[in-house]
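Listed below are the residues making up each chain.
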Amino acid sequence: MMQLHVYQSIWGMNGLPWRARLPWTLEQQFERIAEAGFDGVSVSFTDAELARRVCALAVAHGLRIQASYFPTTVEGFATVFETIADVGREHVDHVNLQPNVRPRTVAECVPYLLGWQRLARQAGIPAYVETHRDRMTTDLMFTLDLLDAVPSLELTADLSHFLVGREFAWPIDAVDHGMIRQVLRHARAYHGRVASREQVQIQTSFEHHRQWVELFAGWWEWGFRDFRARAADDAVLTFTTELGPPQWYAITGADGQELSDRWAEALSMQQLVRDIWARIERETDQDRRDR
């Protein structure tokens, strides 16, 4: 049967726990992730030696691995598969590919995308291109053009970048919802973060941000349903909670401290998406019984 696997970003563990005198060690981070019921972890493979050490801890804790990589050339992408072989192919779900090049035209992008697809096929490991600012996929409309040019492109959907990048008006209109759904039709994985029109990562625990949490939950649910309608019966969809630390995303107060408990919000997001998936499963089972 289809499954949803929820991963936690190792990068997103930086600086945790909230307001503590000392951060968790890497070992303690893995203990918390495993105890919280996550299925796996997202690990940067930029530093191969560090990736091997981090992945060894993941395997020891029974966690699967999403390998994140940031290629600047086609052939440079091959390096990640060498590290995956060292880690153990059986432990790695897929490669999350952030295309770290910024061509001005779709035509210039196509050779990169096709080349990366070719290398992934040869390695026998799925690679999903992440939607992300300051990357090839920085703009929503340009990304839609890429999907038209390479219909086989499979994505990691991080929708926070598109919302804040395009500064959608509120309430979100049918045109903007439609563009997001075009992206979701190609999503094989998700990176979970909630944005507003002005901030790429807001505090999901704040009541006045509820409208944005509900917006993203609605987008994720639509994407989950679309995935279930088109994927194989034994397919696995991955969702990574990826709430970034202050150097990148988390907002801080005048004292330099984060405004909310990022780990508690990651756990809440995990439960949110598991609840969405379970509700869809119940509805599907009920439809089968009613037929």
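Residues numbered from 1 in each chain as written. Predicted model: local features only at pLDDT ≥ 70, side-chain atom pairs only at ≥ 80, totals over all residues. Heavy atoms only, no water.

Draft legend 1. Representation of the nonpolar core. Counting residues in each nonpolar core, the largest one holds 86 residues, and the members touching the most others are Phe45, Phe77, Val95, Trp219, Trp220 and Phe224. Of the residues forming this core, the biggest block, nine residues, is contributed by helix H8 (residues 210-230). Not counting residues within four places of it along the chain, the set of residues in contact with tryptophan 219 comprises Leu159, Leu163, Phe168, Ile172, His177, Ile180 and Leu184. (Core = buried A, V, L, I, M, F, W, Y, C linked by side-chain atoms within 4.5 Å. Buried < 20%, exposed > 50% of the residue type's maximum accessible area, 1.4 Å probe, protein only. Helix = DSSP H or I, 4+ residues; strand = E, 2+ residues; numbered from the N terminus. Contact = heavy atoms within 4.5 Å.)

Draft legend 2. Region of the structure containing the packing of aromatic side chains. Tallied over the entire structure, the rule returns 16 aromatic pairs. A centroid spacing of 6.4 Å and a plane angle of 40 degrees characterise the contact between tyrosine 69 and phenylalanine 77, whose relative ring orientation is tilted. Note on accessibility: tyrosine 69 and phenylalanine 77 belong to one class, buried. Between tryptophan 220 and phenylalanine 239, the ring centres sit 4.9 Å apart and the planes meet at 80 degrees, which makes this aromatic pair edge-to-face. Note that tryptophan 220 is positioned in helix H8 and phenylalanine 239 in strand S8 (residues 236-241), a separation of 19 residues in sequence. Given a relative accessible area of 1%, tryptophan 220 falls into the buried group. Every member of this aromatic cluster is reached through a ring pair, and the members are Phe168, Tyr190, Phe216, Trp219, Trp220, Phe224, Phe239 and Trp277. Between arginine 228 and the ring centre of tryptophan 277, over which it is positioned, the NZ or CZ distance is 4.8 Å. (Phe/Tyr/Trp six-rings, centres within 6.5 Å; stacked < 30°, edge-to-face > 60°. Lys NZ or Arg CZ within 6 Å of the ring centre and 35° of its normal.)

Draft legend 3. Focus on the side chain of threonine 137. Structurally, the position occupied by threonine 137 is in the loop between strand S5 (127-130) and helix H5 (140-149). Among all residues touching threonine 137, those that are not within four sequence positions of it are Pro99, Val129, Glu130, Thr131, His132, Thr143, Leu146 and Phe162.

Draft legend 4. Here's a closer look at the sheet that holds strand S6 (residues 155-157). With parallel pairing, the eight strands of this closed barrel are ordered in space as S1-S2-S3-S4-S5-S6-S7-S8. Geometrically, the sheet is characterised by an average inter-axis angle of 30 degrees between neighbouring strands, direction not taken into account. In terms of strand pairing, strand S1 (residues 3-9) meets strand S2 (residues 40-44) through three bridges, oriented parallel. Counted as the bridge partner of serine 9 is serine 42 from S2. (Pairing = 2+ DSSP bridges. Axes fitted to C-alpha atoms, helices over the stretch in contact; angles between N-to-C directions.)

Draft legend 5. Quick peek at the pattern of salt bridges. Using the criterion set out here, one finds 19 salt bridges in the structure. A salt bridge links aspartate 255 to arginine 19; its shortest N-O distance comes to 3.5 Å. Taken together, the residues aspartate 255 in the loop between S8 and helix H9 (262-290) and arginine 19 in the loop between S1 and helix H1 (26-35) connect sequence positions 236 residues apart. According to the relative accessible area criterion, aspartate 255 is exposed, its value standing at 52%. Accessibility expressed as a relative area gives 48% for arginine 19, which makes it partly exposed. Linking glutamate 31 and arginine 32 is a salt bridge whose minimum nitrogen-to-oxygen distance equals 3.8 Å. Assessed through its relative accessible area of 31%, glutamate 31 is described here as partly exposed. Here the salt bridges share partners, and the residues they tie into one network are Glu221, Arg225, Arg279 and Glu283. (Salt bridge = Lys/Arg side-chain N within 4 Å of Asp/Glu carboxyl O.)

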